[in-house]
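# Examining the three-dimensional arrangement
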Amino acid sequence: MSQAEIGLIGLGVMGSNLALNIAEKGNKIAVFNRTVEATRKFYSEAGELKGQIVPCETIEEFVAAIRPPRPIIIMIKAGEAVDQQMEILKPYLSKGDIMIDAGNANFRDTMRRFDALKGSDLTFIGMGVSGGEEGARHGPSIMVGGTEESYRRVEKVLTSIAAKYENDPCVAWLGENGAGHFVKTIHNGIEYADMQMIAEIYGILRDGLKMSAAEIGEVFGTWNKGRLNSYLIEITEKVLKAADPLTGKPIVDLILDKAGQKGTGKWSVIEAQNMGIPATGIEAAVAARSISSMKEEREAAEKILGLPPVGEFTVADRQAFIEDLENALLAAKIGAYAQGFAVMSAASKEFGWNLPMPTIAKIWRAGCIIRSQFLDEITTAFTKAPDVANLIVTPAFAAMVKETDGALRRVVSAAVLGGLPVPALASALGYFDSYRRGRGTANVIQAQRDFFGAHGFDRVDGADSHHGPWGSGLNA
Ligand code: 6PG
């Protein structure tokens, strides 16, 4: 029997689906799970794909079933379990074998794992996989970090299983060591911002315009046919229109308003802050999830403070306001994506990756959670200007910002006056307004810093005088 082209450890939902996808695309795959029952169950349910799958019950058997140099995908819970799995595998591997972590790892762990294998016979790939269960089964977006040579060994298999955008496979080698997992982290950070901004718009429609879930679903459905067309808008329509089988009520009205988070959003913010890059859309989204989880505290505060006067939420022309909401969402989305790409571009320099911005936008066009038409426009903008300082100053996006930021301003104003929280939408407005203003207000900050700490400042006229006239009693 010919050997398997690739191996996979971890037959949870994501691992099983990825393995079936690999098998279905004509690649022979060896699979292994810590508990033998899961392997047996997986194989027994593999149907006509059984011929492409080698179920293995021991690590020895598993390793022997794969053609060297062996690429082995590890699809288990991120964190220490990955290190443990790698230690278990190592004694059985030989020259050139590649351990591939396909979970949502912190890229710093990926760098550490990659470095630990440097100089040994083995190598490591950190591979971001986006698209959830469906994506894993039928075509995810795949972000690869590791040596280029190790990528070449798995390129054929990965290309066969990746989502396709107009025949372009959504997979790429993005750079050494942690590049793939870093890009996946920022993908998730942007996903957080996208989701939060959608939730804020939903809040305006629900609490401001007093629309029902089904009516709001209809609005999202219409938007999905326009410039906002994307997977997240599409599923929002579906979510809002779904009925609860137990009560017949809209399910969304019955879901507790406490959002979970596993860490990738927070990591995006931490890394952005470490590099001094504003990622206010992602920051607002992470903070909003945190405040959402303080349900009991919020309920207690509502009793003490009361709600702001939402009754004052008035719009002159409802239809025009809904059009404003669509444009506001687009504008805010541009801000969040611009920030995400700016973080990646800073990280590229910081970690020496040479991240290809047009390629990243390209492989996010299909398969992943943030897939959209919009990413095709980002691909075009970065292809024309790969080294541009910020997406929003490319001609196409500058035009879009100018066209939509008025709507964002009106929407944020209405929400603020109506007491509806819109931290992510407002963050985009604040970002645009600060970024586009040549003369800001940090001169006061510099003066204050110099006043209390003699930190010095530079002058607009370039004169060689770096301290203010605050001495002689002024500082008393
Ligand atoms: C994807 C998703 C996926 C997962 C996140 C959700 O790209 O397929 O982002 O990675 O759904 O882990 O993250 P939170 O649990 O933090 O929302």
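Placed above this text is the structure.
The notes below deal with the structure included here.

Calculation notes
- Residues numbered from 1 in each chain as written.
- Predicted model: local features only at pLDDT ≥ 70, side-chain atom pairs only at ≥ 80, totals over all residues.
- Heavy atoms only, no water.
- Helix = DSSP H or I, 4+ residues; strand = E, 2+ residues; numbered from the N terminus.
- Rg over C-alpha atoms; globule rule 2.2 N^0.38 Å.
- Contact = heavy atoms within 4.5 Å.
- Areas by Shrake-Rupley, 256 points an atom, 1.4 Å probe, with all protein chains shown as cover.
- Lys, Arg positive; Asp, Glu negative; His and termini not counted.
- Charge placed at Lys NZ, Arg CZ, Asp CG, Glu CD.
- Expected span 1.5 Å × (residues − 1).
- Phe/Tyr/Trp six-rings, centres within 6.5 Å; stacked < 30°, edge-to-face > 60°.
- Buried < 20%, exposed > 50% of the residue type's maximum accessible area, 1.4 Å probe, protein only.
- Near = heavy atom within 4 Å.
- Polar contact = N/O pair within 3.5 Å; in protein donor to acceptor, adjacent residues only side chain to side chain.
- Nonpolar A, V, L, I, M, F, W, Y, C, P; charged D, E, K, R; others polar.
- Domains from an automatic or database assignment.
- Core = buried A, V, L, I, M, F, W, Y, C linked by side-chain atoms within 4.5 Å.
- Salt bridge = Lys/Arg side-chain N within 4 Å of Asp/Glu carboxyl O.
- Arc of directions from axis to C-beta.

The secondary structure content of the protein amounts to 19 helices and 10 strands. For a compact globule of 476 residues, the expected C-alpha radius of gyration is about 23 Å, and the protein comes in at 25 Å, within 12% of that figure. Residue pairs at least 24 apart in sequence account for 69% of intrachain contacts in the protein once pairs closer than 6 positions are excluded. Accessible area of the protein: about 22200 Å², with a carbon and sulfur share of 55%. With 50 positive and 57 negative side-chain charges, the protein shows a spacing of 2 Å between the two charge centroids.

So, on to helix α19 (residues 442–453). For α19, with 12 residues, the first-to-last C-alpha span of 16 Å sits near the 16 Å given by 1.5 Å per residue. With its phi angle positive at about 50 degrees, A454 sits one or two positions after the end of α19.

In this section: the packing of aromatic side chains. Following the criterion strictly, the structure yields 16 aromatic pairs and no others. Summarising the aromatic geometry, the rings of F107 and W353 are spaced 5.8 Å apart at their centres and angled 75 degrees between planes, so their arrangement reads as edge-to-face. Separated by 246 residues along the polypeptide, F107 in helix α5 (residues 107–117) and W353 in the loop between α14 (318–351) and α15 (357–363) bring together distant segments of the chain. We note that F107, like W353, is buried.

Taken together, 13 residues lie around the ligand, and S130, E191, Y192, K262 and R289 are the ones closest in. S130 has a polar side-chain atom sitting 2.5 Å from an oxygen atom of the ligand. The fraction of the free accessible surface of the ligand (410 Å²) that becomes covered by protein chains is 80%. Residue contributions to the shell around the ligand peak at five residues, all from helix α8 (residues 179–208). Among the residues making up the shell around the ligand, the classes are represented as two nonpolar, seven polar and four charged. In this structure, the shell around the ligand is formed jointly by two domains, domain 1 (6–177) and domain 2 (185–435), each of which donates at least three residues.

The next point concerns the nonpolar core. The tendency in soluble globular proteins is for nonpolar side chains to be buried side by side. Of all hydrophobic cores here, the largest spans 96 residues; its most connected members are F220 and W364. Take this core: its biggest share by element is 19 residues, from α14. Shared between two domains, this core takes at least three residues from each, and those domains are domain 1 (6–177) and domain 2 (185–435). Sequence-distant contacts of W364, defined by excluding residues within four places in its chain, comprise S141, M143, V183, I186, H187, I190, F341, M344, I370, R371, S372 and L375. The next biggest cluster of nonpolar side chains, apart from the first, holds 32 residues, and it includes A19, F42, M75 and I100.

All right, on to the pattern of salt bridges then. Scanning the model with the defined rule gives 35 salt bridges in all. For D324, the salt bridge goes to R410, with nearest N and O atoms at 2.7 Å. Residue D324 is located in helix α14, and its partner R410 is located in helix α17 (residues 395–417); the two are separated by 86 residues in the primary sequence. R409 is the salt-bridge partner of D433, the closest N and O atoms lying 2.8 Å from each other.

Moving on to the environment of S348. Summarising the element assignment, S348 is placed in helix α14. With sequence-adjacent residues up to four places away left out, S348 is seen in contact with W353, N354 and L355. Polar contacts involving the side chain of S348 include one to the main-chain amide nitrogen of N354, which spans 3.1 Å.

This part takes up helix α16 (residues 374–384). Taken as a whole, α16 has its buried residues at F374, L375, I378, T379, A381 and F382. Seen from one end, α16 has its buried residues packed into an arc of 170 degrees, which puts them on one side. Every exposed residue of α16 that faces more than 90 degrees away from the buried side is listed here: T383 and K384. Contacts from the buried residues of α16 go to α14, α15 and α17.

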